[in-house]
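Geometric and topological summary
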Amino acid sequence: MTVETGKLAPDAVRTMFDRIAPVYRVLDACCGTGDLAIAGLRLVGSTGAVIGVDFSERMLERARSKSSQVEWVQGDALALPFADGSFDAATVGFGVRNLEDLEAGLRELRRVLRPGGRVGILEITRPRGLLRPFYKLWFDGLVPLAGKLLPGGSAYTYLPASVRRFPGAKELAELMQTAGFDQVHYRLFGGGIVALHTGVAR
Ligand SMILES: C[S@@+](CC[C@H](N)C(=O)[O-])C[C@H]1O[C@@H](n2cnc3c(N)ncnc32)[C@H](O)[C@@H]1O
């Protein structure tokens, strides 16, 4: 890596900086009221930028009131208002389940990431094994019942329905691979009711 003069060869310098380069531009899609995007500020440090995107202006109003360090942008996750390869990393927290076309949404995340950029998707999933019958009773029985009894309860029927039609963790990993992500892995949390999928843009 060193040359005779003791200086670092240009290729080696570039390689070194490639290795230590911090993640500096992060997208949080479907950012809602912005908590995940705000947490992303720690990742980029003082030189980086976090952009939070949501199509709901009311959600963004709440987000804006929490932080002016994140750039809040109104936009559709299915047609993100950014050029190809604009971001080093992208996150989506409890958002992809709501997308009208999940596969198109995953392709769009891939499009705005640079090759080698990382994605993290946090989403509710249906547990397998022993917990499943209890989860079914709670999520398919008690939560929709609460929806009937409480004012403005349509969200309580929407939530279980949206999880029911959403692919399982393994299927989501496969869709991510098809959409252009490598090294796709997932971890389950909370006894298998939440999954974190990660991948690297091809
Ligand atoms: C359950 S909230 C999650 C918010 C936030 N990520 C969090 O973890 O707290 C889902 C958000 O996705 C947004 N959303 C759903 N479909 C979207 C789309 N196609 N484009 C942009 N935002 C969308 C909704 O407006 C909502 O704010």
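As shown above, the structure is provided for reference.
Residues numbered from 1 in each chain as written. Predicted model: local features only at pLDDT ≥ 70, side-chain atom pairs only at ≥ 80, totals over all residues. Heavy atoms only, no water.

**A few points about the site of the ligand**
Where we set the bar: Any residue with a non-hydrogen atom lying within 4 Å of a molecule or strand is treated as near it. What qualifies as a polar contact is a pair of N or O atoms within 3.5 Å, subject to a donor-acceptor requirement within protein and to the restriction that residues adjacent in sequence count only when both atoms come from side chains. Computed by Shrake-Rupley with a 1.4 Å probe, the accessible areas treat only the displayed protein chains as cover when residues are assessed.
Every one of the 14 residues lining the ligand counts as a neighbour, but Cys30, Asp54, Asp76, Ala77 and Gly93 are closest to it. A distance of 2.8 Å separates a nitrogen atom of the ligand from a polar atom in the side chain of aspartate 76. Separating a nitrogen atom of the ligand from a backbone N or O atom of alanine 77 is a distance of 2.8 Å. Protein contacts shield 80% of the accessible area of the ligand, which totals 590 Å² for the unbound molecule.

**Looking at the pattern of salt bridges**
Note the threshold: Criterion for a salt bridge: a side-chain nitrogen of Lys or Arg within 4 Å of a carboxyl oxygen of Asp or Glu. Burial classes follow relative accessibility: with a 1.4 Å probe on protein chains only, a residue under 20% of its type's maximum area counts as buried, one over 50% as exposed, and anything between as partly exposed.
Taken as a whole and assessed by the stated rule, the structure comprises eight salt bridges. Residue glutamate 57 is joined to arginine 64 by a salt bridge in which the shortest nitrogen-to-oxygen separation is 2.7 Å. Here glutamate 57 falls in the partly exposed class, since its relative accessible area comes to 29%. Of the charged contacts, one joins glutamate 123 and arginine 97 as a salt bridge, the two residues approaching to 2.7 Å between their closest N and O atoms.

**Re the packing of helix H5 (residues 131-149) against helix H6 (residues 154-164)**
Short version of the rule: Convention adopted: a line fitted to C-alpha atoms gives each axis, helices being fitted over their contacting stretch, and angles between N-to-C directions are expressed from 0 to 180 degrees. Helix and strand definitions follow DSSP, with helices as H or I runs of at least four residues and strands as E runs of at least two, each counted in order from the N terminus. Roughly parallel means an angle under 35 degrees; roughly antiparallel means over 145; roughly perpendicular covers 65 to 115; every other angle is labelled oblique. Only heavy atoms matter for contacts: two residues are in contact if any of them lie within 4.5 Å across the pair. The classification used treats Ala, Val, Leu, Ile, Met, Phe, Trp, Tyr, Cys and Pro as nonpolar, Asp, Glu, Lys and Arg as charged, and all other residues, Gly among them, as polar.
Direction vectors running N to C along H5 and H6 enclose 150°, while the axes themselves pass 7 Å from each other. With respect to each other, H5 and H6 are oriented roughly antiparallel. On H6, the residues that touch Tyr135, Phe139, Asp140, Val143, Pro144, Ala146 and Gly147 of H5 are Tyr156, Thr157, Leu159, Pro160, Val163 and Arg164. For the contact of H5 with H6, a count of residues per class yields nine nonpolar, two polar and two charged.

**So, a negative patch on the surface**
For clarity, the cut-off: A patch consists of residues exposed above 30% relative accessible area that lack any salt bridge, with like charges linked at up to 9 Å and nonpolar side chains (Val, Leu, Ile, Met, Phe, Trp, Tyr) linked at up to 5 Å. None of His or the chain ends enter the tally, which takes Lys and Arg as positive and Asp and Glu as negative. Where a charge lies is defined by one atom per residue type: Lys uses NZ, Arg uses CZ, Asp uses CG and Glu uses CD.
On the surface, Asp76, Glu100, Asp101 and Glu103 cluster together into a patch of negative charge. With respect to the helices and strands, the residue glutamate 103 is situated in helix H4 (residues 102-112).

**Section: a nonpolar patch on the surface**
On the surface, Leu137, Trp138, Leu142, Leu145, Leu149, Leu150 and Tyr156 cluster together into a nonpolar patch covering about 720 Å² of accessible area. With five residues, H5 is the single largest residue contributor to the nonpolar patch. Position of tryptophan 138 relative to the elements: it lies in helix H5. Since its relative accessible area comes to 42%, tryptophan 138 is described here as partly exposed.

**With respect to the pairing of strand S3 (residues 71-74)**
Formally: Two strands are counted as paired when DSSP detects at least two bridges linking them. Seen with its strands pointing away from the viewer, a crossover is right-handed if its path from the first strand over the helix to the second goes clockwise.
Direction of pairing for strand S2 (residues 49-54) relative to S3: parallel, over a ladder of four bridges. In the sheet register, isoleucine 51 faces S3, and the bridge partner there is glutamate 71. For the segment spanning S2, helix H3 (residues 57-66) and S3, crossover handedness is right-handed.

**Here we look at the side chain of serine 67**
Relative to the assigned elements, serine 67 resides in the loop between H3 and S3. Separated by 3.0 Å, the side chain of serine 67 and the backbone nitrogen of glutamine 69 make a polar contact. Not counting residues within four places of it along the chain, the set of residues in contact with serine 67 comprises Ile38, Leu41 and Trp72.

**Structural notes on the environment of glycine 85**
In this structure, glycine 85 sits in the loop between S3 and strand S4 (87-93). Classification of glycine 85 as partly exposed rests on a relative accessible area of 33%. Setting aside anything within four residues of it in sequence, one finds glycine 85 in contact with Arg111, Val112, Leu113 and Arg114.

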